[in-house]
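The primary structure of each chain is shown beneath.
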Amino acid sequence: MIGGLFIYNHKGEVLISRVYRDDIGRNAVDAFRVNVIHARQQVRSPVTNIARTSFFHVKRSNIWLAAVTKQNVNAAMVFEFLYKMCDVMAAYFGKISEENIKNNFVLIYELLDEILDFGYPQNSETGALKTFITQQGIKSQLTKEEQSQITSQVTGQIGWRREGIKYRRNELFLDVLESVNLLMSPQGQVLSAHVSGRVVMKSYLSGMPECKFGMNDKIVIEKQGKGTADETGKSGKQSIAIDDCTFHQCVRLSKFDSERSISFIPPDGEFELMRYRTTKDIILPFRVIPLVREVGRTKLEVKVVIKSNFKPSLLAQKIEVRIPTPLNTSGVQVICMKGKAKYKASENAIVWKIKRMAGMKESQISAEIELLPTNDKKKWARPPISMNFEVPFAPSGLKVRYLKVFEPKLNYSDHDVIKWVRYIGRSGIYETRC
Amino acid sequence: MLFSLEQELPPVLPHRAEEKAPLLKPCDGTSPPSVLNPSLPSSATNPGTNMTDSKYFTTTKKGEIFELKAELNSDKKEKKKEAVKKVIASMTVGKDVSALFPDVVNCMQTDNLELKKLVYLYLMNYAKSQPDMAIMAVNTFVKDCEDPNPLIRALAVRTMGCIRVDKITEYLCEPLRKCLKDEDPYVRKTAAVCVAKLHDINAQLVEDQGFLDTLKDLISDSNPMVVANAVAALSEIAESHPSSNLLDLNPQSINKLLTALNECTEWGQIFILDCLANYMPKDDREAQSICERVTPRLSHANSAVVLSAVKVLMKFMEMLSKDLDYYSTLLKKLAPPLVTLLSAEPELQYVALRNINLIVQKRPEILKHEMKVFFVKYNDPIYVKLEKLDIMIRLASQANIAQVLAELKEYATEVDVDFVRKAVRAIGRCAIKVEQSAERCVSTLLDLIQTKVNYVVQEAIVVIKDIFRKYPNKYESVIATLCENLDSLDEPEARAAMIWIVGEYAERIDNADELLESFLEGFHDESTQVQLQLLTAIVKLFLKKPTETQELVQQVLSLATQDSDNPDLRDRGYIYWRLLSTDPVAAKEVVLAEKPLISEETDLIEPTLLDELICYIGTLASVYHKPPSAFVEGSRGVVHKSLPPRTGSSESAESPETAPTGAPPSEQPAVIPAQGDLLGDLLNLDLGPPVSGPPLTTAPVQMGAVDLLGGGLDSLPRGDVSGSPAMGGANFAAPPAGTMPANLGAPLGGGLGDLFDLAGGVGTLSGSYVAPKAVWLPAMKAKGLEISGTFSRQVGSISMDLLLTNKALQVMSDFAIQFNRNSFGLAPAAPLQVHAPLSPNQTVEISLPLNTVGSVMKMDPLNNLQVAVKNNIDVFYFSTLYPLHILFVEDGKMERQMFLATWKDIPNENEAQFQIKDCPLNAEAVSSKLQGSNIFTIAKRNVEGQDMLYQSLKLTNGIWVLAELRVQPGNPTFTLSLKCRAPEVSQHVYQAYETILKN
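Calculation criteria
- Residues numbered from 1 in each chain as written.
- Chains lettered and ligands numbered in written order.
- Predicted model: local features only at pLDDT ≥ 70, side-chain atom pairs only at ≥ 80, totals over all residues.
- Heavy atoms only, no water.
- Axes fitted to C-alpha atoms, helices over the stretch in contact; angles between N-to-C directions.
- Helix = DSSP H or I, 4+ residues; strand = E, 2+ residues; numbered from the N terminus.
- Parallel < 35°, antiparallel > 145°, perpendicular 65-115°, else oblique.
- Left-handed = near helix turned anticlockwise from the far one by under 90°.
- Contact = heavy atoms within 4.5 Å.
- 1 Å grid on protein atoms, 1.4 Å probe; cavity = no way out; pocket = protein on both sides within 12 Å on 5 of 7 lines; lining within 4 Å.
- Points joined across faces, edges and corners; volume = space filled by probe spheres on them.
- Nonpolar A, V, L, I, M, F, W, Y, C, P; charged D, E, K, R; others polar.
- Buried < 20%, exposed > 50% of the residue type's maximum accessible area, 1.4 Å probe, protein only.
- Pairing = 2+ DSSP bridges.
- Phe/Tyr/Trp six-rings, centres within 6.5 Å; stacked < 30°, edge-to-face > 60°.
- Lys NZ or Arg CZ within 6 Å of the ring centre and 35° of its normal.
- pLDDT = per-residue confidence, 0-100.

1. Focus: the packing of helix 27 (residues 512–520) of chain B against helix 28 (residues 528–544) of chain B
All names here are of chain B.
Alright, step 1. Across the interface, helix 27 lies against helix 28 with an axial gap of 11 Å and an inter-helix angle of 155°. Relative to helix 28, the element helix 27 lies roughly antiparallel. The handedness of the crossing between helix 27 and helix 28 comes out as left-handed. Residues A512, D513, L516, F519 and L520 of helix 27 pack against L534, A537, I538 and L541 of helix 28.

2. Focus on unusual backbone geometry
Alright, step 1. Cis geometry marks the peptide bond from D860 of chain B to P861 of chain B, where omega comes out at -5°.
Alright, step 2. By the element assignment, P861 of chain B lies in the loop between strand 6 (843–851) and strand 7 (864–870).
Alright, step 3. Even without being a glycine, K318 of chain A presents a positive backbone phi close to 50°.
Alright, step 4. Secondary-structure assignment places K318 of chain A in strand 16 (residues 315–324).

3. Thoughts on empty space enclosed by the protein
Alright, step 1. For the coordinates displayed, the defined rule picks out 11 cavities of 30 Å³ or more.
Alright, step 2. In this structure, the second largest cavity encloses a volume near 160 Å³.
Alright, step 3. Taken together, 14 residues form the lining of the second largest cavity, with P384 and R433 of chain A together with Y378, E410 and E414 of chain B sitting closest to its centre.
Alright, step 4. In terms of residue class, the lining of the second largest cavity is built from seven nonpolar, one polar and six charged.

4. So, the pairing of strand 4 (residues 53–60) of chain A
All names here are of chain A.
Alright, step 1. In terms of burial, strand 4 is largely enclosed, as six of its eight residues are buried.
Alright, step 2. Here strand 3 (residues 47–50) pairs with strand 4 via four bridges, running antiparallel. Across the sheet, the residue bridging to I50 is T53, located in strand 4.
Alright, step 3. The turn joining strand 3 and strand 4, which pair antiparallel and follow one another in sequence, is formed by two residues; a positive phi near 50° is taken by A51.
Alright, step 4. Relative to strand 5 (residues 63–69), strand 4 runs antiparallel, the two sharing seven bridges. Within the sheet, the bridge partner assigned to H57 lies in strand 5 and is A66.
Alright, step 5. Turn length for the strand 4-strand 5 hairpin, with the two strands adjacent in sequence and antiparallel, is two residues, and the turn residue S61 shows positive phi of about 45°.

5. Description of the packing of aromatic side chains
Alright, step 1. By the definition in use, this model includes 32 aromatic pairs over all chains.
Alright, step 2. Between the aromatic rings of F32 of chain A and W64 of chain A, the centroid separation amounts to 6.1 Å while the plane-to-plane angle is 75°, which identifies the pairing as edge-to-face. Linking F32 of chain A in helix 1 (residues 27–37) with W64 of chain A in strand 5, this pair joins segments that are 32 residues apart in sequence.
Alright, step 3. A residue is classified by how much of its surface remains accessible, and F32 of chain A, at 0% relative accessible area, is buried.
Alright, step 4. An angle of 70° between the planes, with centres 6.0 Å apart, marks the rings of F791 of chain B and Y882 of chain B as edge-to-face. Note that F791 of chain B is positioned in strand 2 (residues 785–794) and Y882 of chain B in the loop between strand 8 (875–881) and helix 37 (896–905), a separation of 91 residues in sequence.
Alright, step 5. Taking relative accessible area as the criterion, F791 of chain B reaches 1% and is therefore assigned buried.
Alright, step 6. Taken together through their ring pairs, the aromatic side chains of F6, Y8, F32, F55 and W64 of chain A make up a single cluster.
Alright, step 7. One residue, K404 of chain A, lies across the ring of Y402 of chain A, its end atom 4.4 Å from the ring centre.

6. Topic: the confidence of the model for chain B
All names here are of chain B.
Alright, step 1. Summary statistics for chain B give a mean pLDDT of 79 and a share of 81% for residues scoring 70 or more.
Alright, step 2. Taken element by element, chain B is modelled with least confidence in helix 34 (residues 678–682), mean pLDDT 35, and with most confidence in helix 19 (residues 346–362), mean pLDDT 96.
Alright, step 3. Taken as a whole, residues 1–51 scores under 50 in pLDDT and shows 91 contacts with residues more than four places along the chain or in a different chain.
Alright, step 4. In the model, residues 648–765 has pLDDT below 50 throughout and makes 195 contacts with residues more than four positions away in sequence or in other chains.
Alright, step 5. Interface scoring of the predicted complex returns ipTM 0.82; its pTM is 0.68.

Next up, the structure:
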């Protein structure tokens, strides 16, 4: 199991050091600094073995988090734990920065003591942790009921929710957040495309509400549609094939496995209900058509057309096209019909920004790139043109069909709950080779 | 993968308490800066934050310790707390604040939980260095364990377990026992982990106190988190006792675990799944039902849960028949979650990809349609890119080769040198793997050569050489292009490849001699690889074009044989020279022989290792692609795991019990470092697998260097003699000792008629005679290691009693022992256990248990034993003679009738007579003495004043020896007649008689 956990700043100075196992000595702290943080070359692996000691690290801005062990630990678990650790810290004090870590070091030690025991991760749900790790100090004043409520929540079956939550207005928000990823050849052939989506829920519900979530999952629709033949034809178009999905731990997985129904008691507040991935029938919101021409040895002509491919009534926002330029670029002249374009020498790219663009439209940019003559035999690698955008629909085609809420003990029904749904599609890695 | 297992940790900087002057070293990123650097600039840049906790990191001034001491003893609570915070901050950055121990411990008695936790943190760090003072804290702990607040009780028991001081652990037992049965689950789950902590400090104590049983009970606890922690603790404890049946997994307990699986936290699910993976279902139905209950976990958001579930499924799938519908359903279910892992954060992607690499090798069918997801993204970290590329090559097939090639070509123009090289190499692998694509691959490679990027060209040439070998006489047209790039090659591997091509196709390259000659100029500066290749290439050239190249070949032969000091090169040079001078035709046949085909797949993990690694999916072993023993110290985690045997429709030969399972398999000796042990490897000493347990006959001592010493024939196979038909083998099913009737009663007539039983009258000695230790290996022959020893036999077990003395000046460690094959199959029954390194002038006494199930080879003399002993310095060989009586078994007493029949049956030419002189004993004493060494007197007769003793003995390999011993009162000389099917042993049996009787 995890033998120790260290947090360093960008210089390699230790901010937090907590050792859980006897086989990890103080020299491990230095070994990681010398061999990884101060290593001359790029990091070649997130797992490093130095003198039979294994170091797992992740970086958040310029902060290094490293877990150390001498055993054959579950590597996936260690990384998941490090991410979780970051989430917990962020939930307590915001951004993970040197400043924040130093300001909260006592809190961090307290958290580390609680969520990692002898190197074994324990309950790390912030909802539960915040009930008893408060930095308010004196705990003994709690009543006996309060104490046992805390401990039963921390260890209990529904560790993510406490009992006795009350809201005057029962309300929930569902966000379907998708990132659409594309790799396209210069000729416009889709090399790979997938959507990775998340359903994020914010719930403000009283009691212990039992929820059931439904979407236009092809398997479910087909199962239900078996009775009425004509409906299958109609809904068949609207349903989507989900390649795979994963759920928040509140979802009853065995029920999903057997009935493909998504039922759960949600944590209070915001949480990620599910993640999913689709690869079929993806709506690609934009198409990028590049044209690169080399004029002699010292000049490049670049023309890029973008086409929006969705309902004209919808508006895409925050559109950004990034056209890479060679390292030996000496000057760039840009002409674009819409938005603003700029050559950014430090990033070796022309960045073209458009605030808004409706569906079924087209826009174009052309640029002349002057090059310095070089002796370098190495050809320019021609990185792909990448794109960023945000659209108000789900490129996978996912639709929320229902979210039913049952709370048998309290007197509010499904109809009393105010529900909101929002769809946002963003670009993931959206690249076109040129 | 870039990691070195053998690198040493840098030494710890000495921290002194009185370190007052701050070390203000600039941090230039290359030299390790001091952790004591006190000026953390961020607080300086943010002056507004001075009032927050970060200030504790900045206070380093003269007399700090003294000031802190004063503050810690302050009456004001706030000031105290501030002071403790400062102490912890100093501790974090590596300053030694242990001098403040008593002052900090004084702050422990407080109702402020935050302060208490800080003090506990301090205690965990320094208690070990101040054990006596740590006792001061015990009272508070014990008191806190009784606190009405469960959070406080748990905190106390959790912290107490982290204090590794013997005296404290004694006090821990009672509170721990209470906490294990606490009414509050939070306390119980903490106590469960505490048992593992205590076990790590004092395993015996945990066993004696019965905590293990309590822990086992917790597996049935009503609270899922308690169950999960109990499972984690038990699994860890079981790992250090591989033989114990601690985690007694049976269908009932498995059911409990599967139920808890649905209810506990994500981490708990991981503990439970990892534990489940060690279970061995009794049949395929049970395996299937477990799989069914585990598959829902594949949809968990936590990648570690998913990977652990994959591990369980991959393992149990082995037991399912491939014809089963469920089997193919399961295969289909595995692909999507594996692909989903690739949308996790890059570090997890890396772990996932390393595992997928294994899964693809074990079951390629799972991901064969998922090639696209492994396409490299421009912004992937380099470690992800390299791993994806590796998997792409493995998945490449005729169906997807076009896409793969297009991708690879793209990658070959990237920036990262390692990645580009790998991509170029991958194109070559594709050509070899998918024949249809070979032509396109070659043309792609030629395009890449045209880029003239140095490392791309070199890599391309190396792979083209392989393509030539795979498809001879197909692509030689490109040779001209390759030759153009001759000058730019500066890496040995590329130069060697190019030279090989020139030599191989010398007849088609007009100026082959010029090309090769150009390399010859700097012959001595080339690496060995290039030199060897050049030598061979020129010889090939000569055989193909003998007329023009005579001078060249003579030149290279003399360079190789006369001017080189590399023995390999010289040897090869001489071989060619001899060949060419004696028989040029034969030379042609040898040098230009048809080459064997090269394999399509490379870098495949060896199947047994692969199976073992599948059992470690998700763990570090699967990331390193090495068994845990390669990177885990000590005994932990070195238990070998293996997949369950297939119980498919056709392949159910093995029953589950005979196959090694996850839980009780053999333990690897901890003394042998599995890594970097070149000596062991070179000599093929096969020190790895244990020499104990029943399946020993399947683990023969490997032939190798040791064998060179011996030679000889297998003319004395074990058991051969007693099993021969003439002996009436079945009759010899040795009568168990003690079942013989005490009195045989009726005389049997004949010459031996008045035999009478002696069995009742003979006292039994505890063991056979043991010779004093003799020096077997003098120190001067073994770099300071002196070994003396002897053999003994006690209640059925043979042992080799050794004295190892270190007469060298350096410490010796890593001992191991191995026997060469010998006449009776003697072999160590356990690894040589030298627990601590042997320091100079130290002697250690070891009793090495032996068995006789090793490989058999007849030695001369028969009782010769050749031994190899290894330590950290070298491997040493010696040989010794063992007294035969250590092989005399306890049930060597033959029935009288049998004795008579056998005696007659053995031909007279097999009889040998010996004289035992100067033995003043009488018949009674003789037989009792002999019985101690398992030579049994079956009958005694008095003929003409002489005592005739009829005796029998049996050797470990089943050979019976019958004896007649004539003892004349007053005459110290005895006459011994021996009869045996294998007369070779008689001489040694006689010697055994001599030794036993005279000592």
